[in-house]
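Fold and contact review
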Amino acid sequence: MRIVVVDPDSCVACRNCEYACAYRQNGDFARSASHIRVNFYPEERACVPLTCMHCAKAGCLEVCPAAAISRDPETGAVEVDETRCAGCKMCLLACPYGNVHFDKVASVSRKCDLCGGDPMCVRSCTAGALQFVEADEAVDRRREAVDARLRRILHLDKAEK
Amino acid sequence: MAQEREIQQTLCRMCDDRCGIDVHLEDGRIIDILGNKDHLWNRGRLCVKARAAVDMVYHPDRILTPLKRTGGGWQEIALEQALDEIAARLAEIGGRHGPRSIAVWKGEAIGFGQQEDLARRFIHALGSPNYLSNDSMCYASRYLGFTLVDGGWPVPDLENSRCIVLWGANPPFAHPNMTQYITAARRRGATLIVVDPRLSAIARRADIHADLRPGTDGALAWGLVHQIVEMGAYDKDFVARHTVGFPRVLEYARAFTPEAVEKETGVPATTVRAIARAMAGAAPHVAAYVGNGLEHHENGVNNIRAVAMLDGLLGALDREGGTFFRGAPPLRELTLYDDVPLTHLGPLGADRFPVLYDKRRECHTMTAMEAILHDDPYPLRAMIVTGANPAATNPNSTKVLEALESLDLLVVRDLFMSETAAVADYVLPAASFLERTELHAHAKHQIVSLTRKVVSWPGVQGEYDFWHDLAWRLGIGDSFPWDDETALNRWLLEPTGLSLEELAAHPEGVEYGSARPGGWREHGFETPSGKVEFTSEYLKDLGFDELPVYLSPAYVDEPDQEYPFVLITGARKLLYLHSRFRNIPRFLTAIPGPEVEMHPSDAVALGVKDGDEVRVVSRVGSVRIPVKVMSPSEIPPGTLQITHGWKDANVNLITHDDRFDPISGFPLMKSVEVRVEKGTRGPDALGGVA
């Protein structure tokens, strides 16, 4: 199963992903509708993209009393069926990462569904901070990124001396 | 009936990046636009501007019928009738004042390929040397700065670089897909250095961010030259074999100690040393890129030349992982500069800014305003503007509008009723990039593509048809012999050995050459001396200093107590391109309006908070605008930023059209002395709204 992998060290908080997701949900660029969320902390210069990881053991899915959350057999995405959602918000509480949000107008929970297997957040990530890859590939990329960070620190360390 | 769905592949031209796109159509109507996964540049990724091209193409405010100004307002007019009338007026004005009283002005609103050259061809065939464009305010200074030193503007080899240095450039907003190359290099261990007064989007990922005072880039560049020489870290072989002027560089750099640089730029001496070491440690795999941030200053070109020198000094020039030169496809030449030289007619600005005209064949747009208003140096009475909006984007908008309104004839081709179109005599509907077919090249990847006409509107002409039809009415039709844009494209492409059919079959582009570094070292650089010119005889002969000398910006050198803030204008925003797209509602849901970016300590001192309206005043004019209080790290105290292009808070009401870089003629727009006034409701608050 492919997942959306985030690399905060490549993210510039440009918000292309949020706008692309909001557009899919709502037809406009109002960030509140986006399933992916990028927090930017200027003083730390930290960009933190966060989106659903479609956990193998998904708290939101297990806790849902209306059985409105299920896993798509093809994409592996954990999805909300809004026609069944009772709006009880248990899933919001169950997700440890805050990746399920609540649509107050429709009174239903909303979350990432991987756009049916071609996530728009990734297609719009011009910084290359989001990748839609198999878990193994994600691990390789992460290892490379950690190595690169060490190499860069060594290089800069030399530069500071 | 089943709906017919199809995907047509072409290139996006919502900005200059020309990303590969898949245009999704349903019954011939565009329903969505996604990235083309096979395109080498963007690899399937696309910023949200591109997707919103749907909104632009089908916008209810699109101009789809020619309009003529009459005493009673706009009147719809048939295209043929409009062209007849325009041709008659042009002939009459040209007859009375001479052909040079007519000019063309090319902009970015339509997204040009080679069509820029059609405008150049037309005006030359008509006998006027006056081609004007947005390039004389964006791009040309960098082209000149690098070309004067290296003989061309080399392209950074980001993906193979060990150290990337961005000067006044913010790719995530200006060239979105360039960002993925930078972050990929970082994931392989490259260091990123960002030189920018503001914490731009890309600066968020910088390993070293040098937040220097606006316009002091030259001092930092000379400081790095000084350090690299001190460290003995320069490429002695490259300098000896491929450069001229090194002894003068050594002598001039001496004053730029890290401490002196700190005093001038505000960048700590330790940071200056760290940047020099990071660059030296990664040399020759150092890839530098200069953005528009360095252009709008009184010492802009020399600051850029000083930055350009670093590539040669480090041996990073014409080198893999550094920067190297990529040729354009060998298309036929559309311009007539060789066939019809018109230099003797005095192209506007060519006497005062000879380098701009000599190297770019660009006339000077600010000089054009003087010609219109004061017949200085001669009358300019008619102008055809295509896809440009100088009323919003040129400095001193009040004067620009006055000039445009006083023309005998102003014809504007655009998609929308821009500030410039609003004062025209004729407004003609233009075709967007999805409504024309033309040739585009990605020099970086050495590919050439043919864009597709995906949709069309009855009666809306493409660029070629417009110039063709007008030329034939004016007796210069023999310069426009091709029946349509496809015939023109075929003629242009001939020398490449590629066919239109081949290009049509490969929307992801066809390779036209291969770009390898090292050729210029082997065969010589394309400068007069054949070497990298740290000193320029060419400039010396024109009366300039041969070295890229550094001059302090006026606000540093002679601070003006009445105008204590320094204002940067024109920082890019993700969703807007210059004055475009402010009419797309979904963009406004994300970035709703103009703002003046301000450091929190300045906001406290002024007693203003986020969202408060203030008046920003320069010696040129004033503008009313809401305050955006930034985080302390995002903008230095005493520095403000306003992005251009907002109709209701047009920052160019307060930028200078009479303070120039002496080499390129670029106006001062990124270090403008201003003051901020609170309380805008009084009688003195007039004049803020365009």
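Cut-offs used in this document
- Residues numbered from 1 in each chain as written.
- Chains lettered and ligands numbered in written order.
- Predicted model: local features only at pLDDT ≥ 70, side-chain atom pairs only at ≥ 80, totals over all residues.
- Heavy atoms only, no water.
- Buried < 20%, exposed > 50% of the residue type's maximum accessible area, 1.4 Å probe, protein only.
- Helix = DSSP H or I, 4+ residues; strand = E, 2+ residues; numbered from the N terminus.
- Pairing = 2+ DSSP bridges.
- Domains from an automatic or database assignment.
- Contact = heavy atoms within 4.5 Å.
- Buried area = accessible area lost by both parts, 1.4 Å probe.
- Salt bridge = Lys/Arg side-chain N within 4 Å of Asp/Glu carboxyl O.
- Polar contact = N/O pair within 3.5 Å; in protein donor to acceptor, adjacent residues only side chain to side chain.
- Patch = residues over 30% accessible without salt bridge, like charges linked within 9 Å, V, L, I, M, F, W, Y side chains within 5 Å.
- Areas by Shrake-Rupley, 256 points an atom, 1.4 Å probe, with all protein chains shown as cover.
- Lys, Arg positive; Asp, Glu negative; His and termini not counted.
- Charge placed at Lys NZ, Arg CZ, Asp CG, Glu CD.
- Axes fitted to C-alpha atoms, helices over the stretch in contact; angles between N-to-C directions.
- Parallel < 35°, antiparallel > 145°, perpendicular 65-115°, else oblique.
- Nonpolar A, V, L, I, M, F, W, Y, C, P; charged D, E, K, R; others polar.
- Left-handed = near helix turned anticlockwise from the far one by under 90°.
- Core = buried A, V, L, I, M, F, W, Y, C linked by side-chain atoms within 4.5 Å.
- pLDDT = per-residue confidence, 0-100.

**Some points on the pairing of strand 24 (residues 613-617) of chain B**
Buried residues dominate strand 24 of chain B, accounting for four of its five residues. Linkage of strand 24 of chain B to strand 25 (residues 622-629) of chain B, two consecutive antiparallel strands, is achieved through a turn of four residues.

**Describing the domain arrangement of chain B**
Note on interface size: it is often stated as the accessible area lost on association of the parts. All names here are of chain B. Under the domain assignment, chain B is made up of domain 1 (5-51), domain 2 (67-136 + 329-434 + 458-481), domain 3 (155-324 + 521-535) and domain 4 (554-678). Taking only C-alpha atoms into account, the centre of domain 3 sits 27 Å from that of domain 4. Of the residues lining the interface, 20 residues belong to domain 3; the matching set on domain 4 comes to 28 residues. Both faces considered, domain 3 and domain 4 share a buried interface measuring about 2100 Å² in area, 58% of it formed by carbon and sulfur atoms. Considering only the side of domain 3, the residues that lose the most area to domain 4 are Arg 198, His 296 and Glu 298, jointly responsible for 35% of the buried surface there. Seen at the junction of domain 3 and domain 4, the total is two salt bridges. The residue Glu 597 makes a salt bridge to Arg 198 at a minimum N-O spacing of 3.0 Å. Counting across the domain 3 and domain 4 interface gives 11 residue pairs in polar contact (both at pLDDT 80 or more).

**Considerations on the sheet that holds strand 19 (residues 447-450) of chain B**
Residue and element names in this part refer to chain B. Pairing is antiparallel in the open sheet, where three strands are placed in the order 18-19-20. In this open sheet, the two strands that pair with only one neighbour each are strand 18 (439-442) and strand 20 (510-511). Alignment of strand 19 against strand 20, held across two bridges, turns out to be antiparallel. The residue of strand 20 that forms the bridge with Val 448 is Val 510.

**Focus: the domain arrangement of chain A**
Residue and element names in this part refer to chain A. For chain A, the domain assignment lists domain 1 (1-51 + 112-161) and domain 2 (54-111). When each unit is reduced to the centre of its C-alpha atoms, the spacing between domain 1 and domain 2 is 22 Å. A buried area of about 980 Å², summed over both sides, lies between domain 1 and domain 2, and 52% of it is on carbon and sulfur atoms. Of all residues in domain 1, Met 1, His 35 and Cys 112 bury the most surface against domain 2, accounting for 45% of the area lost on that side.

**Description of a negative patch on the surface**
Residue and element names in this part refer to chain A. On the surface, a cluster of negative charge is made up of Glu 134, Asp 136, Glu 137, Asp 140, Glu 144 and Asp 147. Examining the composition of the negative patch, we find that five residues originate from one element, helix 5 (residues 135-160), more than from any other. Within the secondary structure, Glu 137 is located in helix 5. Take Glu 137: its relative accessible area is 42%, and that puts it in the partly exposed class.

**Some thoughts on the packing of helix 8 (residues 217-230) of chain B against helix 11 (residues 258-265) of chain B**
All names here are of chain B. The geometry of helix 8 relative to helix 11 is characterised by a closest axis approach of 9 Å and an angle of 170° between their N-to-C directions. On the basis of their axis angle, the class for helix 8 and helix 11 is roughly antiparallel. Here Ala 219, Leu 220, Gly 223, His 226 and Gln 227 of helix 8 lie close against helix 11, whose contacting residues are Pro 258, Val 261, Glu 264 and Thr 265. Here the contact of helix 8 with helix 11 is composed, by residue class, of four nonpolar, four polar and one charged.

**Looking at the packing of helix 15 (residues 365-374) of chain B against helix 17 (residues 397-405) of chain B**
Residue and element names in this part refer to chain B. Viewed as axis vectors pointing N to C, helix 15 and helix 17 meet at an angle of 50°, and their least axial separation amounts to 9 Å. Between helix 15 and helix 17, the angle falls in the class oblique. Crossing of helix 15 over helix 17 shows left-handed handedness. Contacts between helix 15 and helix 17 involve Met 369, Glu 370, Ile 372 and Leu 373 from the former and Lys 399, Val 400, Glu 402 and Ala 403 from the latter.

**As for a nonpolar patch on the surface**
Nonpolar side chains collect at one region of the surface, where Val 146, Leu 150 and Ile 153 of chain A lie side by side and expose about 270 Å² of accessible area between them. Assignment of secondary structure puts Val 146 of chain A in helix 5.

**Here's the deal with the nonpolar core**
Of all hydrophobic cores here, the largest spans 86 residues; its most connected members are Leu 130 of chain A together with Ile 30, Ile 33, Leu 434 and Leu 575 of chain B. Residue contributions to this core peak at five residues, all from helix 1 (residues 16-26) of chain A. Core analysis: the next-biggest nonpolar cluster, separate from the first, contains 75 residues, Leu 90, Leu 380, Leu 450 and Ala 471 of chain B among them.

**Brief notes about the pairing of strand 5 (residues 73-76) of chain B**
Every regular strand shows the same layout, with side chains that alternate between the two sheet faces. Residues and elements named next belong to chain B. Two strands pair when backbone bridges link them, and strand 4 (residues 67-70) and strand 5 are joined in this way by four bridges, in the antiparallel orientation. Bridging from a neighbouring strand, Lys 68 pairs with Gln 75 of strand 5. The turn joining strand 4 and strand 5, which pair antiparallel and follow one another in sequence, is formed by two residues.

**Considering helix 15 of chain B**
Residues lying three or four places apart along an α-helix face the same way, a consequence of the helix completing one turn every 3.6 residues. Residue and element names in this part refer to chain B. Burial within helix 15 is extensive, with seven of its 10 residues counted as buried. Of the residues making up helix 15, those classed as buried are Thr 365, Met 366, Thr 367, Ala 368, Met 369, Ala 371 and Ile 372. At its buried positions, helix 15 is contacted by strand 6 (102-106), strand 7 (131-133), strand 15 (382-386) and helix 17. Directly beyond the C-terminal end of helix 15, a positive phi value near 55° is found at Asp 375.

**Remarks on the confidence of the model for chain B**
All names here are of chain B. On average, residues of chain B score 95 in pLDDT, and 98% of them are at 70 or above. Across residues 682-690, confidence stays below pLDDT 50; counting only partners more than four residues off in sequence or on other chains, it has 18 contacts. For this predicted complex, the interface score ipTM comes out at 0.95, alongside a pTM of 0.96.

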